[in-house]
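Read off the chains here:
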Amino acid sequence: MLTPVRFFTRPSKPPLSPFHFSRSLSVPYRRMAGVPTTYDGPVHIAVIGGTGVQSLPGFTLAANLDVSTPWGSPSSPISILQHPSPTTGKPIPIAFLSRHGVHHELAPHEVPNRANLAALRSLGVRTIIAFSAVGSLQEEIRPRDFVVPDQVIDRTKGIRPFTFFEGGMVGHVGFGDPFDEGLAKIVRKCGHSLEGEGVRLHDKGLVICMEGPQFSTRAESNLYRSWGGSVINMSALPEAKLAREAEIAYQMICMATDYDCWHDSEDVNVEMVMGHMKANAENARRFVGAVLNELCKEEHEDQVLAKHLDQMTKFSISTHKDGRSKEAEEKLQWLFPGYFD
Ligand SMILES: CSC[C@H]1O[C@H](OP(=O)(O)O)[C@H](O)[C@@H]1O
Ligand SMILES: Nc1ncnc2[nH]cnc12
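Since the model is a prediction, treat every value here as computed from it, not as a measurement. (Residues numbered from 1 in each chain as written. Chains lettered and ligands numbered in written order. Predicted model: local features only at pLDDT ≥ 70, side-chain atom pairs only at ≥ 80, totals over all residues. Heavy atoms only, no water.)

Peer 1: Explanation requested: the site of ligand 1 in the structure shown.
Peer 2: Inspection of the region around ligand 1 gives G50, T51, R99, H100, P108, S132, A133, F215, N233, M234, S235 and V273 as its neighbouring residues. Within the contact set of ligand 1, an oxygen atom lies 2.5 Å away from a side-chain nitrogen or oxygen of H100. Taking M234, its main chain carries an N or O atom lying 2.7 Å from an oxygen atom of ligand 1. Its residues assigned to classes, the shell around ligand 1 comprises five nonpolar, six polar and one charged. (Near = heavy atom within 4 Å. Polar contact = N/O pair within 3.5 Å; in protein donor to acceptor, adjacent residues only side chain to side chain. Nonpolar A, V, L, I, M, F, W, Y, C, P; charged D, E, K, R; others polar.)

Peer 1: It is not clear to me how helix 8 (residues 326-335) should be interpreted in this structure. Could you clarify?
Peer 2: Because each turn of an α-helix spans 3.6 residues, side chains separated by three or four positions end up pointing in the same direction. If you check which residues of helix 8 are buried, you get A328, E329, K331, L332, W334 and L335. Looking at the buried positions of helix 8, the neighbouring elements they touch are helix 1 (113-123). (Buried < 20%, exposed > 50% of the residue type's maximum accessible area, 1.4 Å probe, protein only. Helix = DSSP H or I, 4+ residues; strand = E, 2+ residues; numbered from the N terminus. Contact = heavy atoms within 4.5 Å.)

Peer 1: I'm lost on the packing of helix 2 (residues 181-193) against helix 6 (residues 281-295) in this one. Help?
Peer 2: How two helices sit against one another is set out by the angle between their axes and by the gap between those axes. Contact pair helix 2 / helix 6: the axes reach a minimum separation of 9 Å and the direction vectors enclose 125 degrees. The angle between helix 2 and helix 6 falls in the class oblique. Regarding helix 2 and helix 6, the two cross each other, and that crossing is right-handed. Counting all contacts with helix 2, which are made through L183, I186, V187, K189, C190 and G191, the residues of helix 6 involved are F287, A290, V291, E294 and L295. Considering only residue class, the contact of helix 2 with helix 6 consists of eight nonpolar, one polar and two charged. (Axes fitted to C-alpha atoms, helices over the stretch in contact; angles between N-to-C directions. Parallel < 35°, antiparallel > 145°, perpendicular 65-115°, else oblique. Left-handed = near helix turned anticlockwise from the far one by under 90°.)

Peer 1: Honestly, the UniProt feature "binding site: substrate" (unreviewed entry) in the protein chain in this entry has me stumped. Any pointers?
Peer 2: The sites that UniProt annotates as "binding site: substrate" (unreviewed entry) are M234, D258, Y259 and D260. Secondary-structure assignment places D258 in strand 11 (residues 249-258). Side-chain polar atoms of D258 contact the side chain of T257, separated by 2.7 Å. Here Y259 shows up in the loop between strand 11 and helix 5 (270-279). For Y259, a relative accessible area of 9% gives the class buried. Discounting chain neighbours no more than four positions away, the residues touching Y259 are S136, Q138, E139, I141, R142, P143 and S265. Separated by 2.7 Å, the side chain of Y259 and the backbone oxygen of E139 make a polar contact. (UniProt positions renumbered as here; feature names shortened; annotations may be inferred.)

Peer 1: Any chance you could explain the confidence of the model for the protein chain here in plain terms?
Peer 2: In regions of low pLDDT, the predicted coordinates are not meant to be interpreted in detail. Per-residue confidence for the protein chain gives a mean pLDDT of 90; residues scoring 70 or more make up 91%. Considering only residues more than four positions removed or in separate chains, one finds that residues 1-31, a stretch of pLDDT under 50, has 69 contacts. In the model output, the complex is listed with pTM 0.91 alongside ipTM 0.99. (pLDDT = per-residue confidence, 0-100.)

Peer 1: Is there a simple way to think about helix 6 in this case?
Peer 2: Along its 15 residues, helix 6 runs 21 Å from first to last C-alpha, staying within 8% of the 21 Å computed at 1.5 Å per residue. Among all positions in helix 6, only N283, A284, F287, V288, G289, A290, V291, L292, E294 and L295 are buried. (Expected span 1.5 Å × (residues − 1).)

Okay, structure coming up:
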């Protein structure tokens, strides 16, 4: 078991130095009457909501946390939701984070991915299910279909902070399989159990992660098709890379909302994306409910705790003790308490 995380109230003044952080802060970010702003962790499972998924309705809200990290504040307060275990009935805490902010105010290149991943890990999270609205690059992936991708091609432009390892601490983690295969198996099984009730699921897929915020040109869209791309979004990276560095098992669930601009049908636009997301919200909610039900089972405890990734990052560091920057080490100590003692 992981050590429970304790939360403290944010000091009345902001910290003086950028390295003056308390491990976890929870404060009245947006006070909601009666909703606690602290939670005695740990929380092992998180859901990241993307476009059109700014909250997860139908769950009991246990707390709304404002977590501060060495990489800044996350996209949104982190909601702790209670999910009743289907076997014991005991409530299991789930962390929910809205990638683009509570009102979708953050563009893909503005999402504070490092703060998001660091904040979730500081709560004890070792498993993330991330939602994404995607364009389809293949005829057979129709709008409103779900895809559980297994590969990604990075078409971001290097303008997003993409690693926890910099400034005097070099680390190289493996990323051959960018998503977590163990988690993917569970997600696929749950998706298939809903098929026939309006859900169509594609078991594998290559996500092209582009920079945006503008959509692709037709030439680019056709190029990605020629590479074998299944779907396209602007959010898979660096989210998945940072999750791997943070030793968190990460799987994205994509929902197709359009045929980008390569198809005979109308070119993608925001109204189209939002329309499909809204129309299929109930299926997305049922899908996540089924995945959470499954993850809460005792048989998946090691998977949920990402035991297979435990300590991996510790051994990915190539910088000798004598050559490490104090500041960089301090930040990483926050993320991985005890790793560098
Ligand atoms: C509003 S369309 C483009 C937008 O939709 C996707 O968001 P997310 O992955 O967070 O669901 C895509 O990645 C873009 O950010
Ligand atoms: N066509 C598209 N391109 C990039 N991101 C998207 N998200 C939804 N549709 C998209």
